[in-house]
Amino acid sequence: MAATDGADGAVIGTGGLAALVRLLRERGRTVVGPTVRDGAVVLAELESADELPYGWGVELEAGRYRLRRRADGAAFAHSAGPQSWKTFLYPQRVRRWSADRGPDGALAVAAEPEPAVSYAFLGVRPCDLRAIAVQDRVLTGGRYADPDYRGRRAGAFLVAVECTEPGATCFCASMGSGPGAGPGYDLALTEVVDADGHRFLARPGTDEGAEILAALPRLPADGGATAQAARTAVAGAADRMGRSMPPVDLRALLRGTLEADRWDDVAARCLTCGNCTMVCPTCFCTAPEDVTDLTGDHAERWRVWDSCFDLEFSHLAGGPVRSSGRSRYRQWLTHKLGTWHDQFGSSGCVGCGRCIVWCPVGIDITEEVHALHAEARGGCGAGGCGCGAAEDGAAEVGAGGVGAGGPGAAPGTGP
Amino acid sequence: MEGREQEHRPRLAVWKLASCDGCQLTLLDCEDELLALAGRVEIAHFLEASSAPGPGPYDLSLVEGSVTTAEDAERVRHIRAVSRRLVTIGACATAGGIQALRNFADVEEFRAAVYARPEYVATLATSTPVSAHVPVDFELQGCPIDRGQLLEVLTAHLAGRKPGIPAHSVCFECKRRGTTCVTVAHGTPCLGPVTHAGCGALCPAYGRGCYGCFGPSDSPNLRALVPLLRSDGADRRDVVRLLRTFNAAAPAFAEASAEVEASAEAEASAEAGASAGGPAEAGAPAGNGDENGTEGPGEDGPRDGRSTP
């Protein structure tokens, strides 16, 4: 099978992409991918590759998202949209169990069966591939694995598509999560559209990926020209990121700036509407919702998406602990970039930029961190806050504190 | 006492003050659940459904409407006195309703303009929520209220638990149902970020901006939202109108609309001064003050009767 592909992978055309969707569906998978709906590239079930957003790009800014027509007909020249894959792997509302009281007063509790769904995700961007890995760690990597997530995730086939067209709000390069695909995919594609045509460099990451790829129609071998073009495009994307995080140890920066004035500044602008956490591909907070019916003999427990921006989220005896917008924004940011490391061994941010785009008032996580960094530099000087301001040279190492990968990982760095 | 209470069906009363009846009708609209409900509670007082009200006291009173007359101010005290639990239903009972627009105007002028014989109409100068007169155990927001939420309040009461009525923003509901944000993707002015959830984000699901019929959320930041509405094309007058509908007198909306109105007037007088020839002082900035209420969940403190005893 893959023996004929060579080290660079295989080259497929748009016909091969159509065959991929067909094949995955024939194997009983629910294929989910990007498609245009309501003025955005959303994620939805695809019946065929014709529904992909061929010829659509996006124009992104803080608090602003617009679709734009593209002349080149590319299918994956858009960056992260309003949803992420957690919509499918970690749905917004899931029943955990239900209970019934019989005529004799005895309670019968029925656990919810594990979901019997077999997804194939087409067009997982490298930032989102990392996000899925982060959620894997959070939801199944510890003592209390989430059976619903595990069930949905276990059978999911991931087709990554590397980024060649970063948005103005993207900063995966500074989080070390893109634009080249890291590990975790079954199949990775890199889209190339140039004078030689519209095609995809395809590389398997798993045996199943190799098996699927072997069954797809290929374009004739081109002596590595497509592979070279793909490498160049992805490397170029790393240089065109619209945003970046300050190249310091973010965990230390946030630990050292808990009382910064900047928190008041951002709180004045923050709507505490929760949009940033809902669009974040790694935010995982939920609330239990107990439902009873009018008879009082039937009860259900549901798990629903919640947010640290919800006033009630920190409601303990006596009221919410984090009553101010300031304390809630700070909780979100310090967890995402700082204490996530302590809890789960990585950053919680993958640089997808969704929180920037989908914040109605355009609060920009990178701008806030730069401002905290600047305040720390101006404020501490001696470096006591641990942000590295006093010794910038040393602090340049370990950008984002996210470990391996590094900016601009070239295509093919995955398994 | 508790044991005996369980043998009886709790007695439900539905009351109406100044209102359109829409929220009461939501109860009759629970067609599939009405029989089950009637099996669990004794609907003792509900003029919309029966003209033979039973005497109090009542275990649960649902109150629709605002207080706009001296008689109703007295009546709401009676309702409280005969009710073990008092739950307001809808924007009128919770925030004063659309009729609270009088709070921003001269009611005498309205009366003279609307009625042929204004002297026959005895009314108060303001429309006020029930909570301005008596303690309220729970406030169910919405104009009208949501049918599912009403059933949840009733079911929770029967089960002796707190109603699961989230007080966060409509944005939560948009994101949960997968609606693309109309503000971010289309530049449509939307009150969703400051509006109480409960409708299921109905308007944005059809491409329209939220117009705030559920009133303020539990932590609305209007000073952050108003500049956004402005940049999405709403002028000051539009913003005031958007905030002054069914929940005009809800404190967060009322303060914001007054602030925008004041800044518009300041600008108008500055312009008048400038056109009169003087180098007039520039008007106040667009209601985006510095000292934002970032500490605390807004200016109204504990609300919604969440600490139901």
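Residue indices follow the written sequence of each chain, beginning from 1 at its first position. Each chain takes a letter, starting from A, and each ligand takes a number, starting from 1, following the order in which they are written. Confidence filtering applies because this is a predicted model: local features only for residues at pLDDT of at least 70, side-chain atom pairs given and counted only at 80 or more, and all residues used for totals across whole chains, interfaces and linings. With hydrogens and water excluded, all non-hydrogen atoms of the structure serve as input to the side-chain values.

(A) Seen up close, the confidence of the model for chain A. For chain A, per-residue confidence averages 90 on the pLDDT scale, and 89% of positions sit at 70 or higher. Taken together, the stretch residues 380–415 of chain A has pLDDT below 50 and engages in 66 contacts with residues farther than four places along the chain or on a different chain. How sure the predictor is of each residue is captured by pLDDT, a score from 0 to 100. We call two residues in contact whenever any of their non-hydrogen atoms come within 4.5 Å of each other.

(B) Structural detail: the side chain of Thr366(A). Residue and element names in this part refer to chain A. A helix here means a DSSP run of H or I that spans at least four residues, while a strand means a run of E at least two residues long, and both kinds are numbered starting from the N terminus. Its place among the elements puts threonine 366 in helix α13 (residues 365–380). Nitrogen and oxygen atoms within 3.5 Å of one another constitute a polar contact, given that in protein one can donate a hydrogen and the other can accept it, and given that sequence-neighbouring residues count only through two side-chain atoms. Side-chain polar atoms of threonine 366 contact the side chain of aspartate 364, separated by 2.6 Å. In contact with threonine 366, not counting residues within four places along its chain, are Phe171, Arg243, Ser244, Met245 and Ile356.

(C) How the structure looks around the packing of aromatic side chains. All names here are of chain A. What counts as a ring pair is set by centres within 6.5 Å for rings of Phe, Tyr and Trp (its six-membered ring), and what kind of pair is set by the plane angle: stacked under 30 degrees, edge-to-face over 60, tilted for all other angles. Throughout the structure, instances matching the rule amount to 16 aromatic pairs over all chains. Aromatic ring contacts, followed pair by pair, group Trp85, Phe88, Tyr119 and Phe121 into a single cluster. Working rule: Lys NZ or Arg CZ, within 6 Å of ring centre, within 35 degrees of ring normal, means a charge sits over the ring. In this arrangement the basic side chain of arginine 93 is found over the ring face of tryptophan 302, its NZ or CZ atom lying 4.0 Å from the centre.

(D) Geometry of the pattern of salt bridges. Residues and elements named next belong to chain A. A pair is scored as a salt bridge if a Lys or Arg side-chain nitrogen falls within 4 Å of a carboxyl oxygen belonging to Asp or Glu. Going through the model one piece at a time under the given rule, you end up with 47 salt bridges over all chains. For the salt bridge of glutamate 289 with arginine 93, the shortest nitrogen-to-oxygen distance reads 2.7 Å. Taken as a pair, glutamate 289 in strand β12 (residues 286–292) and arginine 93 in strand β6 (residues 93–101) lie far apart in primary sequence, 196 residues in all. Among the salt bridges present, the one from glutamate 368 reaches arginine 262, with a minimum N-O distance of 2.8 Å. Here glutamate 368, found in helix α13, pairs with arginine 262, found in helix α9 (residues 262–269); they are 106 residues apart in sequence, far enough to count as distant.

(E) Main features of the environment of Val109(A). Residues and elements named next belong to chain A. One can find valine 109 in strand β7 (residues 107–111). Accessible area is worked out with a 1.4 Å probe on protein chains only. A residue is then buried under 20% of its type maximum, exposed over 50%, and partly exposed in between. Its relative accessible area of 56% is what places valine 109 among the exposed residues. A C-alpha to C-alpha distance of 40 Å links valine 109 and leucine 271, two positions 162 residues apart in sequence. Not counting residues up to four positions away in its chain, the partners in contact with valine 109 are Trp97, Ser98 and Ala99.

(F) Structural detail: the domain arrangement of chain A. Residues and elements named next belong to chain A. Those domain boundaries reflect an automatic or database domain assignment. Assigned domains within chain A: domain 1 (2–238) and domain 2 (250–401). Each of domain 1 and domain 2 has a C-alpha centre, and the two are 26 Å apart. Domain 1 puts 43 residues into the contact, and the matching count from domain 2 is 44 residues. Here the quantity called buried area is the accessible surface, traced with a 1.4 Å probe, that two parts lose on coming together, added over both. In total, domain 1 and domain 2 occlude about 3,700 Å² of area from one another, counting both sides; carbon and sulfur atoms represent 57% of this. Ranking the residues of domain 1 by area buried against domain 2 places Lys86, Arg93 and Phe171 at the top, with a combined share of 17%. Taken together, the links from domain 1 to domain 2 amount to 6 salt bridges. Of the charged contacts in the structure, one is a salt bridge between arginine 303 and aspartate 146, with a shortest N-O distance of 2.7 Å. The interface formed by domain 1 and domain 2 includes 28 residue pairs in polar contact (both at pLDDT 80 or more).

(G) Just unusual backbone geometry, in detail. Residue Pro179(A) is bonded to the preceding Gly178(A) through a cis peptide linkage, with omega at 5°. The topology assignment puts Pro179(A) in the loop between α5 (172–175) and β10 (187–194). For the bond from Cys143(B) to Pro144(B), the omega torsion is -5°, close enough to zero to count as cis. Inspection of the secondary structure puts Pro144(B) in the loop between β5 (138–140) and α7 (147–159). Of note, the phi angle at Asp38(A) is positive, near 55°, even though the residue is not glycine. Within the secondary structure, Asp38(A) sits in the loop between β2 (30–37) and β3 (40–45). On the basis of relative accessible area, Asp38(A) is assigned to the partly exposed category, the value being 48%.

(H) Focus on the packing of helix α12 (residues 236–243) of chain B against helix α13 (residues 251–275) of chain B. Residue and element names in this part refer to chain B. Axes here mean lines fitted to C-alpha atoms, for a helix over just the part in contact, with angles spanning 0 to 180 degrees between N-to-C directions. Where α12 contacts α13, the axes come no closer than 9 Å and their chain directions differ by 160°. The orientation of α12 with respect to α13, classified from their angle, is roughly antiparallel. The element α12 and its partner α13 pack so that their crossing is left-handed. In contact with Arg236, Val239, Val240 and Leu243 of α12, α13 contributes Phe253, Ala256, Ser257, Val260, Glu261, Ser263, Ala264 and Glu267. Partitioned by chemical class, the residues of the contact of α12 with α13 number 7 nonpolar, 2 polar and 3 charged. Comment on the angle field: the value is read as roughly parallel under 35 degrees, roughly antiparallel over 145, roughly perpendicular from 65 to 115, and oblique elsewhere. Each crossing is labelled by how the near helix is turned from the far one, with a counterclockwise turn of less than a right angle marking it left-handed and a clockwise turn marking it right-handed. Under the scheme applied here, ten amino acids are nonpolar (Ala, Val, Leu, Ile, Met, Phe, Trp, Tyr, Cys and Pro), four are charged (Asp, Glu, Lys and Arg), and all others, including Gly, are polar.

(I) Up close: the layout of surface pockets. Buriedness for pockets is judged along seven lines, at least five of which must meet protein on both sides within 12 Å for an open set on the 1 Å grid over protein atoms alone, while cavities are sets there where a 1.4 Å probe fits but cannot get out, and lining residues have an atom within 4 Å of a point. Grid points are joined across faces, edges and corners, and a volume is the space filled by probe spheres set on the points. One number sums up the size of the largest pocket: a volume of about 1,200 Å³. Counting residues per element, the ones that place at least two in the lining of the largest pocket are β12 and β13 (298–305) of chain A together with α7 and α8 (170–177) of chain B. Here the lining of the largest pocket takes 7 residues from β12(A), the largest share from any one element. Looking at the lining of the largest pocket residue by residue, the class counts come to 13 nonpolar, 11 polar and 16 charged.

(J) Region of interest: the confidence of the model for chain B. Residues and elements named next belong to chain B. Put simply, chain B has an average pLDDT of 88, and 87% of its residues get 70 or more. Long-range and interchain partners of residues 278–309, a stretch whose pLDDT sits below 50, account for 62 contacts in this model, where long-range means more than four residues apart. Two summary scores accompany this predicted model of the complex, namely pTM at 0.88 and ipTM at 0.90.

(K) Spatial organisation of the packing of α9(A) against helix α11 (residues 325–344) of chain A. All names here are of chain A. Two elements in contact, α9 and α11, have axes separated by 8 Å at closest approach and are oriented at 110°. Considered as vectors, α9 and α11 are oriented roughly perpendicular to each other. From α9, Trp263, Asp264, Val266 and Ala267 reach across to α11, where they touch Gly325, Arg326, Tyr329, Arg330, Leu333 and Thr334. Residue composition of the contact of α9 with α11, grouped by class: 5 nonpolar, 2 polar and 3 charged.

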